[in-house]
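Structural overview
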Amino acid sequence: METLHIAVDARGVARVTMTRPEVFNAFNEQMIGELDQAFERLTADPKVRVIVLAGAGKAFSAGADIQWMQRAAQSSQEWNLHDARRFAAMLYRIQSCPKPTIARVQGVALGGGVGLTAACDIAVASQDARFAVSEARFGILPAVIGPYVVNAVGSRQARRLALTGSRIPASEALAMGLVHEVVAPEALDEALERWLAELLANGPQAQAEIKQLLGQLAVGPVTAEVRELTAQTISRVRVGEEAREGFAAFMAKRSAAWVPQGEGA
């Protein structure tokens, strides 16, 4: 791939790195297509456990490439609709990936870069990172990324970000839930490794089930349909091979840790 570098280590950690540092990893049609293909391929690869999305160089992603946006402005509505659908499909591919995803954010995440951050399950950022939902500065709006931003930070914060277009520091992004941890730039990879260790300690099938179930639950009343969905899901997962192995391993570990206190102890 021309705009991405992909590597999978022995643990099953896949790193998808955007490699257009000369434009701060702004994405165009090609990168959108390659991100979609990369996540499709890694989702289907049974050796892959976790996917990290990162940006090469000084920035995570500056969002849409300005030349791409200029081409869009000069094209027909039909062309723009097809183009927007491809972008929407790519973001959904990332968000709906059954494997845990982590965004590693440094420098800036602007416009669509915020969308990429919000589409991942977890986001870790360096203290120097800045975030902006900046589309209104160009006379457009964050339509395709909107649902992911709303899901990450809530409707009111999303409106504030989109209406002002202002850049916020990583500390503010942490406070509103756009990212989950903020660390010094030199500690970013160390923090990422901690998150990876936590994720790799859990059952991959359980994680896939978690993502599928929670993706169907909205904030609101716990209706009869919701209760039935949760009951059906846990009853099916409990009898699966991964659950049986997990329970057996836990019981064996607990038994080994218990030592009777006999005479002379």
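Our subject in this report is the structure included herewith. Because the structure is a prediction, the values reported are computed rather than measured. (Residues numbered from 1 in each chain as written. Predicted model: local features only at pLDDT ≥ 70, side-chain atom pairs only at ≥ 80, totals over all residues. Heavy atoms only, no water.)

**Focus: a nonpolar patch on the surface**
Note the threshold: Any residue with relative accessible area above 30% and no salt bridge may belong to a patch, with like charges joined within 9 Å and the nonpolar Val, Leu, Ile, Met, Phe, Trp and Tyr side chains within 5 Å. Note on areas: Shrake-Rupley with a 1.4 Å probe; residue coverage comes only from the protein chains shown. A side-chain nitrogen of Lys or Arg and a carboxyl oxygen of Asp or Glu constitute a salt bridge if their distance falls within 4 Å. Here a helix means four or more residues in a row that DSSP labels H or I, a strand means two or more in a row labelled E, and each is numbered from the N terminus. Buried means the residue's accessible area, taken with a 1.4 Å probe over protein chains only, is under 20% of the maximum for its type, while exposed means over 50%, and partly exposed covers the values in between.
A surface patch of nonpolar side chains, amounting to about 310 Å² of accessible area, comprises Ile-66, Phe-138 and Ile-140. By secondary structure assignment, the location of Phe-138 is in the loop between strand E7 (130-132) and helix H5 (146-153). Note on Phe-138: relative accessible area 58%, which makes it exposed.

**Thoughts on the pattern of salt bridges**
Two side chains of opposite charge can pair, provided their charged atoms sit close to one another. What the rule picks out here adds up to 12 salt bridges. With a closest N to O distance of 2.9 Å, Arg-11 and Glu-193 form a salt bridge. Of the two residues, Arg-11 sits in the loop between strand E1 (4-8) and strand E2 (13-18) while Glu-193 sits in helix H8 (residues 188-200), which places them 182 residues apart along the sequence. Put simply, Arg-20 and Asp-65 hold a salt bridge, and the shortest N to O gap is 3.1 Å. Taken together, the residues span a long stretch of sequence, with Arg-20 in the loop between E2 and helix H1 (29-44) and Asp-65 in the loop between strand E3 (50-55) and helix H2 (66-73) at a distance of 45 residues.

**Some points on the sheet that holds strand E8 (residues 168-169)**
For clarity, the cut-off: Strand pairing is assigned whenever DSSP identifies at least 2 bridges connecting the two strands. Working rule for contacts: check all heavy atoms of both residues, and any pair within 4.5 Å makes them a contact. Fitted lines through C-alpha atoms give the axes, limited to the stretch in contact for helices. The angle between two N-to-C directions lies from 0 to 180 degrees.
Taken together, the three strands give an open sheet; going across it, the order is E5-E7-E8, and neighbouring strands pair in mixed fashion. A single partner strand is all that each edge strand has here, and the edge strands are strand E5 (108-110) and E8. Where E7 and E8 come together, two bridges link them in antiparallel fashion. When the bridges of E8 are listed, Arg-130 appears paired with Pro-169. Across the sheet, helix H4 (residues 112-119) touches E5 and E7, and the angle it forms with E5 is around 100°.

**Observations concerning the state of the cysteines**
Our working definition: Note that a disulfide, as used here, is simply two cysteine sulfur atoms within 2.5 Å.
Evaluated as defined, the whole model comprises zero disulfides. The thiol of Cys-120 is not disulfide-bonded; the next cysteine sulfur, from Cys-97, is found 9.2 Å away.

**Observations regarding the side chain of Thr-233**
Going by this rule: Whenever two N or O atoms come within 3.5 Å, that pair is a polar contact, provided that in protein one can donate a hydrogen and the other can accept it, and provided that, for residues adjacent in sequence, both atoms are side-chain atoms.
Within the secondary structure, Thr-233 is located in helix H10 (residues 224-238). By relative accessible area, Thr-233 is classed as buried at 12%. One polar contact links the side chain of Thr-233 to the main-chain carbonyl oxygen of Leu-229, over a distance of 2.8 Å. Ignoring anything within four residues of it in the chain, the contact list for Thr-233 reads Glu-209 and Leu-213.

**As for the environment of Val-149**
Its location among the elements puts Val-149 in helix H5. Residue Val-149 is classed as buried on the basis of its relative accessible area, which comes to 4%. With 94 residues separating them in the primary sequence, Val-149 and Gly-55 have C-alpha atoms 19 Å apart. Val-149 has contacts with Val-114, Ala-118, Gly-154 and Ala-158, leaving out every residue within four places of it along the chain.

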